[in-house]
Every structure is written in C-alpha cells, then in structure tokens.
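Survey of secondary and tertiary structure
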Amino acid sequence: MKPTYSIVAPIYNEEGNIPKLYERICGVMDATGESWELVCVNDGSRDRSAELLRDLSVRDPRIKMVNFARNFGHQIAVTAGLHHTSGDAVVIIDADLQDPPELIHDMIERWKAGYQVVYAVRQERKGETWFKLLTAKLFYRVIYRITDVDIPMDTGDFRLMDRKVVDALNSMKEHNRFIRGLTSWIGFKQTGIKYVREERQWGETKYPLKKMVRFAMDAITGFSYFPLQIMVYVSFILGVLAVLAIPIIALLRVILGFQFLGGQVTHIVLLLVLSSFQLFFLFIMGQYVARIYDETRDRPLYIVAERVGFDAAVEREAKQLDKEKVATPST
Ligand code: UDP
Ligand code: MG
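Our subject in this report is the structure included herewith. What you are looking at is a predicted structure, and each value in this text was computed from that prediction instead of being measured.

Topic: the site of ligand 1
Glu-14, Asp-96, Gln-98, Thr-205 and Lys-206 are the nearest of the 19 residues found near ligand 1. The contact in question runs from an oxygen atom of ligand 1 to an N or O atom on the side chain of Gln-98, over 2.6 Å. Compared with its free state, where it exposes 530 Å², ligand 1 has 96% of that area covered by protein. Classifying every residue of the shell around ligand 1 gives 5 nonpolar, 5 polar and 9 charged.

Written out as structure tokens, the structure is:
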C-alpha cells in the first residue's frame, strides 16, 4: 500500500547515527497519524550501516534499503532514494541528524496549505568549521548570482516535495545532478522555512574538499553558462586596449622621446588584437558547446502543474508527445 509520506536518507558510513535516526523519525512520523516509509540508500558504506538497515527493515517493514554496489555520491544516493519512494509527499533528510526531523511537521503543514515544495533554510549552522562556513556562504552567493534559476540561498537538500515534483525530478536523466537546482528549475509553488542546523550527531563529514569542489562544479555547470561567457568580457577589454594602444604610445613617444618601446609597438598591438579575436571566437564556440550540452542533457522542455479545460483526447496526445519525459518512479 502507498504510504502518505516517504522519507529519503542517503547513508555513507553512518552506523553511529542510524539507531538515533530511526528513533527520531519514528517519533516524528508516528505523531502525524498517517502512514509513512523511510527509504535509506546505503551509498557503499564501509562500516556496518548496511547490516543495521537490513535488521531494521526486518523488524519494521516501513524501513526500506537500497544498497549501492559502491559509493556513487550523495546526490546520486538521494536520486535513487527518490526513485524508490511512493508517498504523496517526499522528504529528503541527512542521516547525521543535522536536519532536525521535527521540522517535518511544519513542512507537512505548509504542504497541506498548498505548497508543493517546502525547503528548509539554514539560519545558523552549529559545530561547523570556519572553512566550511566560509566556503558554504561563498558557494551559495556565487550560485545565486550566476545561475539562470532562482536557487534559494543557504538551502540544502532538506525539503519536502509533492509527488508531482518528485515525478518531474525523476524524469530528469542528467548524470551530474545538483538536486536543489533541479527542484528550483521545476517550479511549482515553493516556500522556505527557517531552522537552525544542528551539529553532526556522530562521525565526521563525508564531504571532503574534493567532493565539495565537484559538487560546486556540478551546480555551476548544470545551471550556468557564465564560465563560457567570461571570455567575451576579456576579449572586449583586450580589443579596447588594442584600439587605445596606438594613440597612447604615440603620446608617450612625444613625451618620452621616439625611442620609447622601440620596435615592439607593432607586436604589442598585434598581440592585443589577435588575442581579442581569439577569445571572441572561443566565446562563440562556447555558445555552441552550451547548446549542445543543453540538447544532450535532454531535460524536459517544460513541467505541467495541471491542465484545465482540454478534451481528454487532446490531453492524452499532449502527454504522449512528452512521453519519454513522464516519470516512472521505478526507473
Ligand atoms: N553521503 C552519501 N554519500 C557520500 C557522502 C555523503 O550518501 O558520498 C550522505 C551522508 O551519509 C549524509 C549526507 O549525505 O547523510 C550528507 O553528508 P555529510 O553530513 O557528510 O555532509 P555535510 O553535512 O558535512 O555537508
Ligand atoms: Mg552533515
């Protein structure tokens, strides 16, 4: 039977957090009085996480586990979790209890009030290193500025999503996934609630610098063409310098004497002109690359929230046209 709520938790070496996670989730979800499931994705843990989850699922059929063959990374683990949910509303939560499960009650309330995405905004982060705080702050601000969709600041993956949103998300097959960006891209009625991010309950962060950099690159390349466009600004500056170089050098020669810079002048001007041209055409190539990337990523063209007033036949045909993109949660 389909539960009302599905909770998705990615798990990478979290043996010390699993018992508490289970306990807290049970407390919070039982209080809703509705049915629920907890889908844990074991992302190639090297500790006893898989055994613990297996035991839990034997004792409590509401607990389910997807066991990865190796570590595929946080965003892929969450994606797999979403694929395996069947609830009307789905909550993504970290397994280390940095995201307090109690907030789910507020999320459900907003969902019932008609919002399809309720994301949690970190107002304060406890027990993080200054390096993590600084890089996170910088990351969210840069992403906010250079991406083409409005990705809310200081927001992680801790969020509730309506089934419609999850289906849309599941229909996106791109490999380099930045889930919070994809959810923003999808649209629907979204709202945020503020919370204090707790300290990690047990163990260490599973996000070393290398993974953080990879994550940031996925976010930027997935939602922005800015890096491909930078060249046009540099090209413009070099072009202006090339145009200005001739009168400036002439003036300097009048002031400093005709020996100034000797025969290098033509070289300098030529270098500026050619570099400017080269960068400009690299920019043009970048625009084509960006479009190739767009096409290969094969995102749906649009996401429909509802259809009003169509004949059944027209509606069926429209859905047919969008067929490959209509989500099948089991894929
Ligand atoms: N995680 C995962 N695979 C990974 C890294 C992390 O499934 O390769 C999970 C981890 O178990 C946790 C969540 O993703 O539930 C967030 O990771 P973490 O708490 O280490 O990140 P931080 O909070 O330090 O940014
Ligand atoms: Mg954490």
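Structural notes on the pairing of strand β1 (residues 5-11)
With 7 of 7 residues buried, β1 is to be regarded as a mostly interior element. Side chains Tyr-5, Ile-7, Ala-9 and Ile-11 project from β1 onto one buried face, and the interleaved Ser-6, Val-8 and Pro-10 project onto a second face that is buried too. Looking at chain direction, β1 and strand β2 (residues 36-42) are connected through 7 bridges and run parallel. By the bridge assignment for β2, Ile-7 is matched with Leu-38. Handedness of the crossover is the feature at issue here: the chain leaves β1, passes through helix α1 (residues 18-30), returns alongside β2, and the resulting connection is right-handed.

Observations concerning the packing of helix α6 (residues 163-170) against helix α7 (residues 179-186)
The N-to-C vectors of α6 and α7 enclose an angle of 115 degrees; their axes lie 10 Å apart at closest approach. Between α6 and α7, the interaxial angle falls into the category roughly perpendicular. The handedness of the crossing between α6 and α7 is right-handed. Contact with α6, carried on its side by Val-165, Ala-168 and Leu-169, involves Ile-179, Leu-182, Thr-183 and Ile-186 of α7 and no other residues of that element. In the contact of α6 with α7, the residues fall into 6 nonpolar, 1 polar and no charged.

What counts, and where the lines are drawn
Along every chain, residues carry numbers that run from 1 in the direction the sequence is written. Just so you know, chain letters begin at A and ligand numbers begin at 1, following the order they were written in. With the structure being a predicted model, the display of local features is reserved for residues of pLDDT at least 70 and the display and counting of side-chain atom pairs for 80 or more, all residues being used for whole-chain, interface and lining totals. Excluded from the side-chain calculations are hydrogens and water; all other atoms, namely the structure's heavy atoms, are used. If a single non-hydrogen atom of a residue is within 4 Å of a molecule or strand, that residue counts as near it. In protein, a polar contact means a hydrogen-donor-capable atom and an acceptor-capable atom, both N or O and within 3.5 Å, with residues adjacent in sequence counting only if both atoms are side-chain atoms; elsewhere, any N or O pair within 3.5 Å suffices. The Shrake-Rupley method, run with a 1.4 Å probe, gives the accessible areas here. Residue values count only the displayed protein chains as cover. Each residue gets one label: Ala, Val, Leu, Ile, Met, Phe, Trp, Tyr, Cys and Pro are nonpolar, Asp, Glu, Lys and Arg are charged, and the others, such as Gly, are polar. Think of it in three bands: with a 1.4 Å probe and only protein chains considered, a residue is buried below 20% of the maximum accessible area for its type, exposed above 50%, and partly exposed in between. Segments assigned H or I by DSSP are reported as helices when at least four residues long, segments assigned E as strands when at least two residues long, and all are numbered from the N terminus. When DSSP finds two or more bridges between two strands, those strands count as paired. Call a crossover right-handed when, viewed with both strands pointing away from you, the route from the first strand across the helix to the second goes clockwise. Comment: axis = line fitted to C-alpha atoms, over the contacting stretch for helices; angle = value between 0 and 180 degrees taken between N-to-C directions. Roughly parallel here means an angle under 35 degrees, roughly antiparallel means over 145, roughly perpendicular means 65 to 115, and every remaining angle is called oblique. It is the rotation of the near helix from the far one that decides the hand of a crossing: anticlockwise by less than a right angle makes it left-handed, clockwise makes it right-handed. In what follows, a contact means two residues having at least one pair of non-hydrogen atoms within 4.5 Å.

These results come straight from atomic positions and should not be treated as a statement about function.
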